[in-house]
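Spelled out from the first residue to the last, the chains are:
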2 protein chains.
Amino acid sequence: MAWQNKILRVNLSDHSCVTEPLNRDWAQAYLGQRGLGSKYLAEEVDPTVDPLSPQNKLIIATGPLTATTAPTGGRSSAVTKGALTGAIAASNTGGMFGAELKLAGYDLLIIEGRAASPVYLWIRDDHAELRSAEKLWGRSVWETEPWLRRELGEPQAKIASIGRAGEVGVKFACIVNDIDRAYGRSGVGTVMGSKQLKAIAVRGTRGVRVNDPDAFRRAVLDTMKILQPSPVRKRFTVRGTHNMMDVTNRFGSLPTRNCRDVQFEGVEAINADAVRVRRLSDGKPSLQGNKACFACTIGCGRVATIDPVSPLVNGPDPQGGDRSRYQLPSGGLEYETAFAFGPMCGVDDLDTLNYVNFLSNEQGMDPISLGVSIAAAMELFEENVVTLEDTGGLELRFGNAEALARAAELTAFGEGFGADIGLGADRLCRKYGRPELAMVVKGQEFPGYDPRALKGMALAYATSNRGCCHMRARPLLDDFSNVSTDGKAELVKTTQDLVGAIDSSGTCVFTNVMFPPEHLAQMIDAACEGDWDLERLHTVGERIWNLERRFNLAAGFSKDDDRLPERTTSEPAGAGAGKGQIADLSQMLGEYYRLRGWDADGVPLAETLNRLEL
Amino acid sequence: MAWQNKILRVNLSDHSCVTEPLNRDWAQAYLGQRGLGSKYLAEEVDPTVDPLSPQNKLIIATGPLTATTAPTGGRSSAVTKGALTGAIAASNTGGMFGAELKLAGYDLLIIEGRAASPVYLWIRDDHAELRSAEKLWGRSVWETEPWLRRELGEPQAKIASIGRAGEVGVKFACIVNDIDRAYGRSGVGTVMGSKQLKAIAVRGTRGVRVNDPDAFRRAVLDTMKILQPSPVRKRFTVRGTHNMMDVTNRFGSLPTRNCRDVQFEGVEAINADAVRVRRLSDGKPSLQGNKACFACTIGCGRVATIDPVSPLVNGPDPQGGDRSRYQLPSGGLEYETAFAFGPMCGVDDLDTLNYVNFLSNEQGMDPISLGVSIAAAMELFEENVVTLEDTGGLELRFGNAEALARAAELTAFGEGFGADIGLGADRLCRKYGRPELAMVVKGQEFPGYDPRALKGMALAYATSNRGCCHMRARPLLDDFSNVSTDGKAELVKTTQDLVGAIDSSGTCVFTNVMFPPEHLAQMIDAACEGDWDLERLHTVGERIWNLERRFNLAAGFSKDDDRLPERTTSEPAGAGAGKGQIADLSQMLGEYYRLRGWDADGVPLAETLNRLEL
């Protein structure tokens, strides 16, 4: 129950689509989504494999609560060895796609091999087939989705696809679904592109059955009673994630100009309030409203449109394509997109931020990695390491909005200097001999939280198994109140485990600041076979964390990769709550390893693996 | 069940102590503590009465969860017409005293009339009597408690008493229990002093029965499972409330120098970290640890000692008394005490802050009102309105630690200029013709949150029924993330209602940031007759709020009293998140009245009163 107990395995090399029963023991041990997908990946893929080789697999995994009425029950994960990082990757999306896949009858979709020429996958309940995508190759996500619905005659089909970025091998290409949601980080779209899989279209008309419908209904209602009145929920609904920008700026943890600074003087031109009051040239508001993913009552997503007379939109499409889609409302700026294109690049032009955000969705790029990679390029340029010759005449300075927009376009299409930016910040800075200018951990770019003032986040960044991440642990609330390393190791460890369970359930990690995790346990307990309580969820999360860690250790990572960029560990923050402070992991990391039951090299002890039945 | 169904009514004028059954209908409508005490007060006391007349009553009220195993189930309230404000007052304490009163078999203790000469009340289970306190009058709280235990031969007796401040009529005298806990605000100790009641000693050896013991045990365990792992709980345990000082200072909401400023340059000398590392002259740490109230697993209280060679402690006792108690560990600085004596007075000397904090507990003064009244006096002095002649030679300037200590001593004993400070900031500033310099609402002094940056707190201050208060609503978390007035009226209204229920339950309002209120509803539902859910708790809270409002309106308050000091509404904050902003109530207040079901004058509509069965 809750699980569909069926997997669809698609081999692109021999064009086979076969189903198999779900391994129920694994589902009991790993739930679904990130956990269960990672278990299958770890069992089936050699950790040392080249991420872009046919031997890597791409797993789309739903959770037991996906497509149920559990609040935010619309999540799914893309699990693979990440093209950006070489580490195990699990990128999580909302929207409608994952629920549709579950409603078609599948818990997991395992994609293997590589197609000889571009294909797309079409799933309609039991029916699954690979079809030629020759006509789609070269098209954006925003062209692909309507094209496929017309081609299939299925206006209700939900689609996940790659844009140009995934085709041309941008290392941080993402898989976009439902126009503006994405399996975002670590280059999961790059892996999909390497397999010549352009898109997955799915129509599901089945239901999902839960184990004890009455208990499940009660558990959902009990949860809603807490979720709906929550002021945090309301803030997310009314102001979106972008609200965070004022908070981090004030606190001095807003990464600015490639982390040279921790506060941005231009914040008022691009923050949530600026977005709210923005009018287009025709007098209509730029911000159209908010929207929610499947089964979500939070609706943190923004819907925006950008000025139809903007030269960015009205200028020639770099690929000669149709830009009319730009004039329709679409996913607006979130905190992370706004931070990455704004403060991190020193740019305070809202139109440009909106445009580059749209472009990221249209062409399938992780906006965090894109913005941070451009920021690194800007610093290389300002340091005269990258020259006008390299950039093809682009004045790639901090604050240059036009250069930001053009660099993003070049990156999406793999053209000119954009091919270098598309390597990601780490490879880019290494190529130009200045590796220390890449704001990355394990090859993945920083999100919008400078770790010098945020002590727990510093540890969370350093230890995240998928490379730098702000979502793999939840120390933030404590960090804003407690600028010391006290208790952070335990907090990071505990919330990493909890997030592992949430990420494997089919629900959204934002819920963890809106209702207590016991409610998730109650919903899972009612939905699934077996007895589920919070303690078991923590054990599942810990098991997942150690499984991911073992994958990475086997892939060649070591404790030396649990570190932060030199800038944050040697150059003190110049302002804010962390003024004069660096990010110092020395004490926290040892305590964290001990709490994890790992040895001094960060390797899980045998007793830890035994305890977790690994 | 949960209630003891018995009231002890003590008439000081005729020395009678009689019991009567609890009004069970009222208990079902108002729970206990603040709510139930207010209902009795409103029924029995004319709102226009002089608070210091025999016609005023002082009600000590426990809640249904007081003295149970519910987490933080040790709270009780002192309800009266406040001497400081003339408004309905309900001051809430922890420690052990309230639970002991409940264990003696009483839900409420109603004290009436006035004794002809000083008395104390001794309760041992069913036995209650008034005894002469002639020997105690003039003694501090710290002398009174051990003296009474010896006198009574009851080392386990729990005691609530007033110090010198309550005797001499300091308007913000409090009732101190268990050495360093207090019914703190609004001059409830002044009322007690006016009745010539020096102390209440109680020994209770009975139990408390809950309605469904198994369900109650489960509800408590379920709550503990959420409370214990909560990072907020841990932060309160490890760092105490004082942790807040860094947060408000960074945010620019730390009232400084009588609200001239919103950030304090000396904060690092007196914040939680400064307290933690402080060593005494003998090398031992000043901070001894933390401590908890009855049934509390948070333990936010600090235990500290101050330097035995400090001239403050070793100097002559202003009253010639015994100061050896100063060398024993006692309640240390909390955020509110530290803010009021520190930034608000511009003082950054930790020893002095500790001393004045000890003095407040020893002599029974509300430290918030004391500090803010001294800050007002300092500004009057700096403005040359109060002169050296007025102060008896005291250089009462911002930042003068010695003057702060001496002014506090003079206030406690009602001597010299201290008699003026003991009027409270409002009457003091009026006396000297500068009413605008009093940082008060409804006559009660500001807590440690400047309302210019904190929009919800501004509304909470203005509308609090007991005068300015940071505990009557909980907008803070939202305020720190959302510096706009959006949604604040609803948030303030909703949390005021919720806090009303928590304050009437026997548990601590801090729990509301550590577990969701459904858990409180579950515990009450298991403990008490009747069906209790969160919706009903909100209704109870709303009923209490409107009852308090009606009392105040009848006492002569009007919508014109729902306002903030002119400084905060006309002088923009100079720094921080509210830089350039004032506290602007205009829009929020109207919305708040509407949400409350009040007319444009802030008077509850008939339909609102009917709905709430008032």
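Residues numbered from 1 in each chain as written. Chains lettered and ligands numbered in written order. Predicted model: local features only at pLDDT ≥ 70, side-chain atom pairs only at ≥ 80, totals over all residues. Heavy atoms only, no water.

### Brief notes about the confidence of the model for chain A
Under the convention used in this document: pLDDT runs from 0 to 100 and stands for how confident the predictor is about each residue.
For chain A, the mean per-residue pLDDT works out to 95, and 99% of the residues sit at or above 70. We note a pTM of 0.86 for the whole complex and an ipTM of 0.73 for its interfaces.

### A short note on the packing of aromatic side chains
This is how it is decided: Note on ring pairs: Phe, Tyr and Trp rings are taken, using the six-membered ring of Trp, and paired if centres are within 6.5 Å. Classes follow the plane angle, with under 30 degrees stacked, over 60 edge-to-face and the rest tilted. Helix and strand assignments come from DSSP, with helices taken as H or I runs of at least 4 residues and strands as E runs of at least 2, each series counted from the N terminus. For every residue, the accessible area obtained with a 1.4 Å probe (protein chains only) is divided by the maximum for its type, and the residue is called buried under 20%, exposed over 50%, and partly exposed between those limits. Note on criteria: charge over ring means Lys NZ or Arg CZ within 6 Å of the ring centre, with the direction from the centre no more than 35 degrees off the ring normal.
Under the definition given, this model contains 23 aromatic pairs over all chains. Measuring from centroid to centroid gives 6.5 Å for Phe97 of chain A and Tyr183 of chain A, while their planes differ by 90°, and the two rings are edge-to-face. Of this pair, Phe97 of chain A sits in helix H3 (residues 97-103) while Tyr183 of chain A sits in strand E11 (residues 181-183), placing them 86 residues apart in sequence. Residue Phe97 of chain A is classed as buried on the basis of its relative accessible area of 0%. Residue classification places Tyr183 of chain A among the buried residues on the basis of a relative accessible area of 0%. Three or more aromatic residues link up through ring pairs in this structure, and these residues are Tyr335, Phe339 and Tyr449 of chain A. In this structure, Arg536 of chain A packs its charged tip against the face of Trp532 of chain A, placed 3.4 Å from the ring centre. Its guanidinium or amino end placed over the ring of Trp26 of chain B, Lys39 of chain B lies 5.1 Å from that ring's centre, counting from NZ or CZ.

### Overview of the pairing of strand E5 (residues 88-93) of chain B
All names here are of chain B. Spelled out, the test is: Pairing between two strands is assigned when DSSP locates at least 2 bridges connecting them.
With 5 of its 6 residues buried, E5 lies for the most part within the structure. Relative to E5, strand E4 (residues 76-81) runs antiparallel, the two sharing 6 bridges. Residue pairing in the sheet places Ser77 in a bridge with Asn92 of E5. Taking the residues between adjacent antiparallel strands as the criterion, E4 and E5 are bridged by 6 residues, where Gly86 takes a positive phi near 75°.

### Remarks on the packing of helix H13 (residues 350-363) of chain B against helix H16 (residues 401-413) of chain B
Residues and elements named next belong to chain B. Inclusion rule: Every axis corresponds to a line fitted to the C-alpha atoms, with the helix fit spanning only the stretch in contact, and the corresponding angles, defined between N-to-C directions, vary from 0 to 180 degrees. Angles are sorted into four bins: roughly parallel if under 35 degrees, roughly antiparallel if over 145, roughly perpendicular if 65 to 115, and oblique for all others. Should any heavy atoms of two residues lie within 4.5 Å, those residues are considered in contact. Residue polarity is assigned by list, with Asp, Glu, Lys and Arg as charged and Ala, Val, Leu, Ile, Met, Phe, Trp, Tyr, Cys and Pro as nonpolar; anything else, Gly included, falls into the polar class.
Packing of H13 against H16 brings their axes to within 10 Å, and their N-to-C directions diverge by 5°. Viewed along their axes, H13 and H16 adopt a mutual orientation that is roughly parallel. Only Ala401, Leu404, Ala405, Ala408, Glu409, Ala412 and Phe413 of H16 make contact with H13, whose side of the interface consists of Thr352, Leu353, Tyr355, Val356, Leu359 and Gln363. Of the residues that constitute the contact of H13 with H16, the class distribution is 10 nonpolar, 2 polar and 1 charged.

### Quick word on the side chain of Arg596 of chain A
All names here are of chain A. This is how the line gets drawn: Throughout this description, a polar contact denotes any pair of N or O atoms lying within 3.5 Å of each other; where both atoms belong to protein, one of them has to be capable of donating a hydrogen while the other can accept it, and for residues adjacent in sequence the pair is counted only when both atoms sit in side chains.
Mapped onto the elements, Arg596 comes out in helix H25 (residues 586-596). In this structure the side chain of Arg596 is engaged in a polar contact, spanning 2.9 Å, whose partner is the side chain of Gln496. Ignoring anything within four residues of it in the chain, the contact list for Arg596 reads Lys493, Gln496, Asp497, Glu542, Trp545, Asn546 and Thr608.

### A few points about the pattern of salt bridges
Pairs can form between side chains of opposite charge once their charged atoms are near each other. Residues and elements named next belong to chain B. Let me state the cut-off plainly: Should a side-chain nitrogen of Lys or Arg be within 4 Å of a carboxyl oxygen of Asp or Glu, the pair is scored as a salt bridge.
Under the definition given, this model contains 110 salt bridges over all chains. In this structure, Asp479 engages Lys488 in a salt bridge whose closest nitrogen and oxygen atoms are separated by 2.7 Å. No difference in accessibility class separates Asp479 from Lys488, as the two residues are buried.

### Some words on the domain arrangement of chain A
Residue and element names in this part refer to chain A. To be explicit about the condition: All the domain ranges listed were derived from an automatic or database domain assignment. By buried area we mean the combined loss of accessible area, with a 1.4 Å probe, across both parts when two parts are placed together.
Structurally, chain A comprises domain 1 (6-203), domain 2 (256-438) and domain 3 (451-611). The distance between the C-alpha centroids of domain 1 and domain 2 comes to 26 Å. With 36 residues of domain 1 at the contact, the number on the domain 2 side is 35 residues. On the domain 1 side of the contact with domain 2, Trp142, Phe172 and Asp180 bury the most area, a combined 29% of that side's loss. Counting every contact that joins domain 1 to domain 2 gives 3 salt bridges. Asp180 is the salt-bridge partner of Lys291, the closest N and O atoms lying 3.0 Å from each other.

### Brief notes about the side chain of Glu112 of chain B
Summarising the element assignment, Glu112 of chain B is placed in strand E6 (residues 108-112). Setting aside anything within four residues of it in sequence, one finds Glu112 of chain B in contact with Arg9, Val10, Asn11, Leu12, Ser13, Glu44 and Lys57 of chain B.

### Overview of a negative patch on the surface
Note the following rule: Patches in this entry comprise residues that are over 30% relatively accessible and not in a salt bridge; like charges within 9 Å are linked, as are nonpolar side chains (Val, Leu, Ile, Met, Phe, Trp, Tyr) within 5 Å. Here the accessible surface of atoms and residues is derived via Shrake-Rupley with a 1.4 Å probe, and residues count as covered only by protein chains that are part of the display. Charge assignment in this entry is limited to Lys and Arg as positive and Asp and Glu as negative, and neither His nor the chain termini are counted. Think of each charge as sitting on NZ of Lys, CZ of Arg, CG of Asp or CD of Glu.
There is a patch of like negative charges on the surface, built from Asp212, Asp525, Asp531, Asp533 and Glu535 of chain A. One can find Asp533 of chain A in the loop between helix H22 (517-527) and helix H23 (534-555).

### Observations regarding the sheet that holds strand E1 (residues 6-11) of chain B
All names here are of chain B. Read across the open sheet, the 6 strands follow the order E2-E1-E6-E3-E4-E5; overall the sheet is mixed. At either end of the open sheet lies a strand with only one pairing partner, and these are strand E2 (16-21) and E5. Recorded for the sheet is a direction-independent mean angle of 20° between the axes of neighbouring strands.

### Let's talk about the interface of chain A and chain B
The partner chain B presents 25 residues to the 25 residues of chain A that form the contact. Its largest share of buried area at the contact with chain B, chain A owes to Arg235, Arg250 and Ser481 of chain A, together 26% of the area lost on that side. The interface formed by chain A and chain B contains 8 salt bridges. If you look at where chain A meets chain B, you find 10 residue pairs in polar contact (both at pLDDT 80 or more). When contributions to the side of chain A that touches chain B are tallied by element, the ones reaching two or more residues are helix H7 (213-227), helix H8 (231-239), helix H9 (244-251), helix H20 (476-481) and helix H21 (488-502) of chain A. In terms of residue count, the dominant contributor to the side of chain A that touches chain B is H8 of chain A (5 residues).

### Notes on the nonpolar core
Condition: Put simply, a nonpolar core is a bunch of buried Ala, Val, Leu, Ile, Met, Phe, Trp, Tyr and Cys residues held in one set by side-chain atoms that sit within 4.5 Å of each other.
Residues Phe339, Ile374, Leu396 and Leu404 of chain A are the most contacted members of the largest nonpolar core, which totals 102 residues. The leading source of residues in this core is helix H14 (residues 367-382) of chain A, at 10 residues. In contact with Leu396 of chain A, not counting residues within four places along its chain, are Ala377, Met378, Phe381, Thr391, Ala403, Ala407 and Phe417 of chain A. Core analysis: the second largest hydrophobic core is formed by 101 residues, Leu333, Tyr335, Ala412 and Cys468 of chain B among them.

### Description of the pairing of strand E2 (residues 16-21) of chain A
A regular strand places its side chains on the two faces of the sheet in alternate fashion. Residues and elements named next belong to chain A. Pairing analysis gives 6 bridges linking strand E1 (residues 6-11) to E2, with the strands arranged antiparallel. The residue bridging Ile7 from the neighbouring strand is Glu20, located in E2. Connecting the antiparallel pair E1 and E2 is a turn made up of 4 residues, with His15 showing a positive phi of about 60°.

### Some thoughts on the sheet that holds strand E8 (residues 127-132) of chain A
The strands making up a sheet associate through backbone hydrogen bonding, with each pair oriented either parallel or antiparallel. Residues and elements named next belong to chain A. With mixed pairing, the 6 strands of this open sheet are ordered in space as E8-E7-E12-E9-E10-E11. Edge positions in the sheet fall to E8 and E11, since each has one partner strand and no second. Across the sheet, the mean angle from the axis of one strand to that of its neighbour is 20°, orientation sign disregarded. When strand E10 (residues 175-177) meets E11, the two strands line up antiparallel, connected through 3 bridges. Paired with Asn177 across the two strands is Arg181, which belongs to E11. In the packing of helix H4 (residues 141-152) onto the sheet, contacts are made with strand E7 (119-124), E8, strand E9 (158-161), E10 and strand E12 (197-203), and the angle to E9 comes to roughly 135°.

### Here's the deal with the relation of the copies chain A and chain B
Here the two chain copies are tied together by a rotation about an axis and a shift along that axis. Note the following rule: What sets the superposition is a least-squares fit of C-alpha atoms, and only residues with pLDDT of at least 70 in both copies go into it.
When chain A is fitted to chain B, the residual RMSD is 0.0 Å, and the transformation amounts to a turn of 180° plus an axial shift of 0.0 Å. The relationship between the two copies is best expressed as a two-fold rotation axis. Most of the interface of chain A is mirrored in chain B: 100% of its interface residues are interface residues there too.

### Some remarks on the state of the cysteines
Residue and element names in this part refer to chain A. Applicable threshold: The criterion for a disulfide is a pair of cysteine sulfur atoms lying within 2.5 Å.
Evaluated as defined, the whole model comprises 0 disulfides over all chains. Lacking any disulfide linkage, Cys174 is separated from the closest cysteine sulfur, that of Cys293, by 14 Å. Judged by its relative accessible area of 2%, Cys174 falls in the buried class. Left without a disulfide partner, Cys345 is nearest to the cysteine sulfur of Cys259, which lies 11 Å away.

### Quick look at the environment of Arg206 of chain B
Residue and element names in this part refer to chain B. Of note, Arg206 is situated in the loop between strand E12 (197-203) and helix H7 (213-227). Taking the C-alpha atoms as reference points, Arg206 and Lys102, 104 residues apart in sequence, are found 8.4 Å from one another. Within the local environment of Arg206, its side chain forms a polar contact with the side chain of Asp126, the two groups lying 2.9 Å apart.

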